[in-house]
Amino acid sequence: MDLDEVQVTGQRRLRDTGVQRTVLDSLVLHQNVALSMSDILTQHSTLFIKSYGRATESTAEFRGTSPSHTQVLWNGMKINSPMLGTVDFSTIPAYFVDQANLLHGASSLTLTGGGLGGAVDMHTLPLFDQGHSLQYIQGAGSFRTFDQFLRYTYGNEHWSSSTRLVYSTSKNDFKYTNYDKLGHPTERNKSGYFDDVHAMQDVYYRDGKGNRIGLMGWYTHSLRGLPFLSVDYKNNTDFKNEHRHDAARAVVSWDRTLDQWNVGVRGGYLWQDNRYDYFTTRETVSTDITHARSRSQQGYVQANADWMPRANWLVTADLALYYNHVRSTDKSPFHIGDNYNLGRMEYNLSLSAKYRPVKNLSLSAILREECYRHDFVPVIPALFAEYVIHRPWNLVVKASVARNYRYPSMDDLYYKPGGNPNLRPERGITYDGGLECRIEKKRYSLSANLSAFDSYITDWILWTPNAKGYWQPSNLKKVHNYGTEMTATAMVRMKHHWKLTLTGNYAFTPSINKSERLADNDASYGKQLVYVPRHSTNLSGRLSWKTWTLTYQWTHYSERFTTTSNDVSYITGRLRPYFMNDISLEKTFQWRKCHASLKGCVNNLLGSEYVTVLSRPMAGRNFEIFLEIKPQWHKHKKK
Amino acid sequence: MLLSAFMLAAACSNSDPGIEPEAFGATGRGVFILCEGNYQAGNSTLSYYNPATREVENGIFQRANGAKLGDTGQSIQIYDGVAYVAMENSGIIWALDTATFRVRGQLTAGETEHMINPRYIHFLSSEKAYVTDLYSPYITVFNPRTMQYTGSISTRQAISFGYSSTEEMVQWGNRVFTNCWSYSNKILVIDTTRDVVCDSIVLDSWQPKSMALDSRGKLWVITDGGYSTGDDSFGDNIPHLYCIDATTLAIESDQPLDTDEANVQLAMNPDRTVLYLINNDVYRMEVTASHVPVRPFIEAGRNKNGTRNYLYGIGVDPHNGDIYVGDAVDYRQAGMVYRYSAEGTLIDQFRVGITPNGFAFK
């Protein structure tokens, strides 16, 4: 496919002083229309994605923290569920994101508070001066999977407009050997179907005098079956178990760039509706097992100003206000009527100063204050520093130290039964250090990043069952996360139009429970957190020759424990290490009136039989082919 | 690099491709301990304890059969030398050989008309048993010898707040009593000659959780009292202990207990003259006594902050009266089982699977 590669600039920005950032550009994000952001993060980052399968819930964890410790922004607006504090990355098509910045640890404070693990910052980007462009991709794959993508863009000197549509549907009834049942029968994945529609429109206007206005809108409608467990003996034809999800997000922005000032104002709205139904209608008697509804609305305004009085000084201020309202209902036996129907305000204020006292040294300080309901979290301070050791290699040493707080989600506070209005914010302190280099030559380039971190989180909110049989959150846990993260990318241009790009990511993330023992026989102290791998690795290779491109992807997670005591004396106590291999081959065609490409993908090349969550089988070797068509029109030429 | 990655990946296996069945030959007396596991994780397990040698074997179902027990083990009982295990969220009842632990038969939700989430099994004969259900407004009837579905009994209960649950069962003459826990305050009476619900008892306290029948034909019922969360409440959130005459269905006593945050469970000693009750700690009460003693018979262990261990399940060995108490610890790690003598002396303690909730004695 003809993809636009975002070039990494060689200029070190004062704004990024000490920041540990992984940038995923459109070359990575737009490699395959069938991929969601959870697939991309699994294959191209050090984040751990806990996934229940394709088109089922997938959450992201930085550095062995929890999914709610990952803050997620879309065009500047936080999109974490106000109910749960998490984001389901399986509902975000990677083709709807033009650039994603992964901010590790303390670096997330440059954007928002609460990212005790980090932040994922996703953007759409304008395409000024690009003229008309139309792109259609048709995918067809195993298990009656069909993916359709349509994009129309227009850009002139002042305007940029992009319209995108994705429609993905699958029966997703793959066969697997069920090792969890007697005789290890071959079964099909039951109730795994999905039917997802996404539409996105973004429009940008720039006046050439430093003003830019943007309007971004995104609508999702998703109907997904919730797959049966491998140990479920019910007939799936007798039961309906599905999740309907609708969401609308919109952001409007105005940015003005002057000599010494950048100012911006944003507003946004987020609406989400979730319906979970699990019922049977055998013998005309309908029995509800799950009947849960939630509707959340979020309003958002933000203003920011950057002032650069001198070339070596940058002062920034940022104020964001969010109003969240959630109405949640279900048929729990522990409450009558609504679960809760409440709203709350959230305020975030950030001030920062960045200073470059000498040519190679940059310093940055951030103070952040956050408030939810009527409760202020303590002031969040963060300090960053970086020093350029060797400029030709862009060899930089970085360090940071930061406090951070995450306030409880609305379910943590109000869910019935169990919600605890007396919860305190979770507190974290993180120390980061690392090296970064980037070498760019005519024939090759190399970039690498190595970081080490040490992080302590106290008052970690943990849901535990109580004697009545329901779960309650409390500020129970203390966790020590430490380890290293490494990323490296190498590109070589060879003779005869050959080009090879290799990318690797590795994370070592011990995440150790240091909580006081719940009881005298609690064996969880000093143990790795449940479902957090100590090692995660991915490697990808992309070899292109003229109009051919071969891509290979290898992903690995080390074993994950399923109990807090890390007991492996019985077989369900751990999940074995996970290895995954995917390969694709693409051929592009360039005619005068039309460009086209044909791409074939083999996922799970070695046909591995595996689970990533207990009793949740995953698909074996499967295939998908994609045909892309891009009509070629007269491009708008800049005067 | 790619080649080495490929070779490494090719050399590694991702999943546990099942295990070879192991041969067991458990003779003499033994105790089966059902560990509930975590909901939706499919990690329920079964342990076997030899009281004579004090040896415990964990995960015996999977080891003996090369397959998982299932999701959310709810109850286990032994009848005619066969252990029957109700796996709630898997929708299956296993029949196991008590010596080899191998599967002898199974009844699945898919083979019946109304079974959804089986909870407890009550045996009327070697050819007839009842199964209660968390969701279904029917009690399933099956033949334990053939493990064939034979019919169902409508509970005739209107679905209350979306639930129509039936729980434990005890029998007095031709009557089987079953408590309706979820959002209910009823005890249903089933006529076993006609397989119909013929009567019911309405309690003042909500959510009857556990039942036991004493030697005099008195039905003991403990409720959890409903709940109270924030400004929302259902019932008074106080557990009540009822004594009901199983013949006249008259409520003879109603005692509120002094706790509002406890898992409550009942068990009887072998000659059914002593009632054991989990209510944070374990209490012992003569069935002729008028009140539950103030002081516990067995105190739950406490950490240095005074937090109690989570006592979760209780069983009494019908052969010698030994008391077995399951401790869930944090519900996400291997639980503990404490074995006490009938006098309350700790004899042994051992680790089992996640959340030990049921005991069956061979």
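Because the structure is a prediction, the values reported are computed rather than measured.

Rules used in this analysis
Residues numbered from 1 in each chain as written. Chains lettered and ligands numbered in written order. Predicted model: local features only at pLDDT ≥ 70, side-chain atom pairs only at ≥ 80, totals over all residues. Heavy atoms only, no water. Helix = DSSP H or I, 4+ residues; strand = E, 2+ residues; numbered from the N terminus. Rg over C-alpha atoms; globule rule 2.2 N^0.38 Å. Buried < 20%, exposed > 50% of the residue type's maximum accessible area, 1.4 Å probe, protein only. Contact = heavy atoms within 4.5 Å. Phe/Tyr/Trp six-rings, centres within 6.5 Å; stacked < 30°, edge-to-face > 60°. Lys NZ or Arg CZ within 6 Å of the ring centre and 35° of its normal. Core = buried A, V, L, I, M, F, W, Y, C linked by side-chain atoms within 4.5 Å. Polar contact = N/O pair within 3.5 Å; in protein donor to acceptor, adjacent residues only side chain to side chain. Pairing = 2+ DSSP bridges. Axes fitted to C-alpha atoms, helices over the stretch in contact; angles between N-to-C directions. Salt bridge = Lys/Arg side-chain N within 4 Å of Asp/Glu carboxyl O. Patch = residues over 30% accessible without salt bridge, like charges linked within 9 Å, V, L, I, M, F, W, Y side chains within 5 Å. Areas by Shrake-Rupley, 256 points an atom, 1.4 Å probe, with all protein chains shown as cover. Lys, Arg positive; Asp, Glu negative; His and termini not counted. Charge placed at Lys NZ, Arg CZ, Asp CG, Glu CD.

Chemist: Would you take a moment to explain the overall build of chain A for this structure?
Modeler: In terms of helices and strands, chain A carries three helices and 37 strands. Its C-alpha atoms give chain A a radius of gyration of 25 Å, within 12% of the compact-globule value 26 Å for 639 residues. When its C-alpha atoms are laid out on the principal axes, chain A stretches across 75 × 55 × 45 Å. Out of the 639 residues in chain A, the part that is buried amounts to 57%.

Chemist: Would you mind showing me how to read the overall build of chain B here?
Modeler: The helix and strand inventory of chain B stands at two helices and 29 strands. The C-alpha radius of gyration computed for chain B amounts to 21 Å, which stays within 12% of the reference 21 Å derived for 362 residues, consistent with globular compactness. Judged by the C-alpha coordinates and their principal axes, chain B covers about 75 × 50 × 50 Å. For chain B, the proportion of contacts with a sequence separation of at least 24, taken over those separated by at least 6, is 45%.

Chemist: I keep staring at the environment of A:R151 and nothing clicks. Help me out?
Modeler: All names here are of chain A. Of note, R151 is situated in strand 9 (residues 145-155). On the basis of relative accessibility, which here comes to 11%, the residue R151 falls in the buried class. Each C-alpha atom of the pair R151 and T163 lies 5.5 Å from the other, and the pair is twelve residues apart in sequence. Non-local contacts of R151, meaning those with residues more than four positions away in its chain, are made with H30, D98, L127, S133, L134, Q135, S162, T163 and R164.

Chemist: Looking at this model, I keep getting lost on the packing of aromatic side chains. Mind explaining?
Modeler: In this description, an aromatic ring pair is defined by two values, namely the gap between the centres and the angle between the planes. With the rule as written, the count across this model stands at 34 aromatic pairs over all chains. Here the aromatic rings of A:W313 and A:Y355 are separated by 4.4 Å at their centres, their planes lie at 25 degrees, and the arrangement is stacked. Residue A:W313 is found in strand 18 (residues 313-329), and its partner A:Y355 is found in strand 19 (residues 340-358); the two are separated by 42 residues along the sequence. Since its relative accessible area comes to 30%, A:W313 is described here as partly exposed. Here a set of aromatic residues connected by ring pairs shows up, and it is made of B:Y49, B:Y324, B:F350, B:F359 and B:F361. Over the ring of A:F128 we find A:R206, and its NZ or CZ is 4.0 Å from the ring centre.

Chemist: Help me out: how do you make sense of the nonpolar core in this one?
Modeler: One broad trend across soluble globular proteins is that nonpolar side chains are buried collectively. Among the nonpolar cores identified, the biggest contains 49 residues, and A:M37, A:L41, A:I79, A:F89, A:I92 and A:M122 are the most heavily contacted of them. In terms of residue count, helix 2 (residues 37-44) of chain A provides more of this core than any other element does, three residues in total. Those residues in contact with A:L41 that sit more than four places away from it in its chain are A:L24, A:L47, A:I49, A:A60, A:F89 and A:L102. If you look at the next biggest cluster of nonpolar residues, it comprises 20 residues, including A:Y233, B:F32, B:L46 and B:F101.

Chemist: Looking at this structure, how should I read the environment of B:N320?
Modeler: All names here are of chain B. Position of N320 relative to the elements: it lies in the loop between strand 25 (311-316) and strand 26 (323-327). What makes N320 partly exposed here is its relative accessible area of 39%. Residues N320 and S182, 138 residues apart in the sequence, show an inter-C-alpha distance of 34 Å. A distance of 2.9 Å separates a polar atom in the side chain of N320 from the backbone nitrogen of D322.

Chemist: Help me understand the pairing of strand 21 (residues 251-256) of chain B in this model?
Modeler: Every regular strand shows the same layout, with side chains that alternate between the two sheet faces. Residue and element names in this part refer to chain B. Here strand 20 (residues 240-245) pairs with strand 21 via five bridges, running antiparallel. Across the sheet, I244 pairs through a bridge with I251, a residue of strand 21. What sits between the antiparallel neighbours strand 20 and strand 21 is a turn of five residues, in which L249 has the positive phi angle 65 degrees.

Chemist: What is the right way to look at helix 2 of chain A in this model?
Modeler: Along an α-helix, residues three or four positions apart point the same way, because every turn accommodates 3.6 residues. Taken across its eight residues, helix 2 of chain A has seven buried, putting it largely inside the fold. The complete set of buried residues in helix 2 of chain A reads A:M37, A:S38, A:I40, A:L41, A:T42, A:Q43 and A:H44.

Chemist: For this particular structure, what's the right way to read the sheet that holds strand 3 (residues 55-57) of chain B?
Modeler: Hydrogen bonds between backbone groups are what pair the strands of a sheet, and the pairing can be parallel or antiparallel. All names here are of chain B. Pairing is antiparallel across the open sheet formed by four strands, whose spatial order is 3-2-1-29. Edge positions in the open sheet fall to strand 3 and strand 29 (356-361), since each of these has one partner strand only. Taking each pair of neighbouring strands and ignoring which way they run, the sheet shows an average axis angle of 25 degrees. Where strand 1 (residues 31-35) and strand 2 (residues 45-50) come together, five bridges link them in antiparallel fashion. Bridge pairing in strand 2 links C35 to T45.

Chemist: When you look at the sheet that holds strand 4 (residues 73-79) of chain B in this model, what are you seeing that I'm missing?
Modeler: Residues and elements named next belong to chain B. In spatial order, the strands read 4-5-6-7; together these four strands make up an open sheet with antiparallel pairing. Two strands lie at the open edges of the sheet, namely strand 4 and strand 7 (103-108), each paired on one side alone. On average, each strand axis in the sheet is tilted by 15 degrees relative to the strand beside it, whichever way the strands run.

Chemist: Would you mind showing me how to read the side chain of A:T572 here?
Modeler: Mapped onto the elements of the fold, A:T572 is located in the loop between strand 31 (560-561) and strand 32 (574-575). Among all residues touching A:T572, those that are not within four sequence positions of it are A:T562, A:L614, B:G42, B:N43, B:T45, B:Q62 and B:K68.

Chemist: Looking at this structure, how should I read the pattern of salt bridges?
Modeler: Pairs can form between side chains of opposite charge whenever their charged atoms are close. All names here are of chain A. Under the criterion given, the structure shown has 44 salt bridges over all chains. With its nearest N and O atoms 3.2 Å apart, the salt bridge here joins R13 to D16. Its relative accessible area of 18% is what places D16 among the buried residues. Linked by salt bridges that have partners in common, D246, D273, R275 and R295 make up one network.

Chemist: Teacher, can you tell me more about a positive patch on the surface here?
Modeler: All names here are of chain A. On the surface, K442, R443, R493 and K495 cluster together into a patch of positive charge. On the secondary structure map, K495 appears in the loop between strand 26 (471-493) and strand 27 (498-508). The class for K495 is exposed, based on a relative accessible area of 64%.

Chemist: Where do I start with the pairing of strand 29 of chain B in this structure?
Modeler: Residues and elements named next belong to chain B. Burial analysis of strand 29 places six of its six residues in the buried class, the great majority of the element. Of the strand pairs in this sheet, strand 1 and strand 29 are connected by five bridges, and their pairing is antiparallel. By the bridge assignment for strand 29, I33 is matched with F359.

Chemist: Please clarify how unusual backbone geometry should be interpreted in this entry.
Modeler: Excluding glycine, residues mostly have negative phi values, and the peptide bonds linking residues are mostly trans. Note the cis peptide between A:K416 and A:P417, where omega equals 0 degrees. With respect to the secondary-structure elements, A:P417 resides in the loop between helix 3 (410-414) and strand 24 (426-440). Phi is positive for B:Y183, close to 55 degrees, though the residue is something other than glycine. Mapped onto the elements of the fold, B:Y183 is located in the loop between strand 13 (175-179) and strand 14 (186-191). With phi around 65 degrees, B:Q207 is a residue other than glycine that occupies positive phi space. Among the secondary structure elements, B:Q207 is positioned in the loop between strand 15 (196-202) and strand 16 (208-213). Since its relative accessible area comes to 0%, B:Q207 is described here as buried.

Function-wise, these values are silent; they only describe arrangement.
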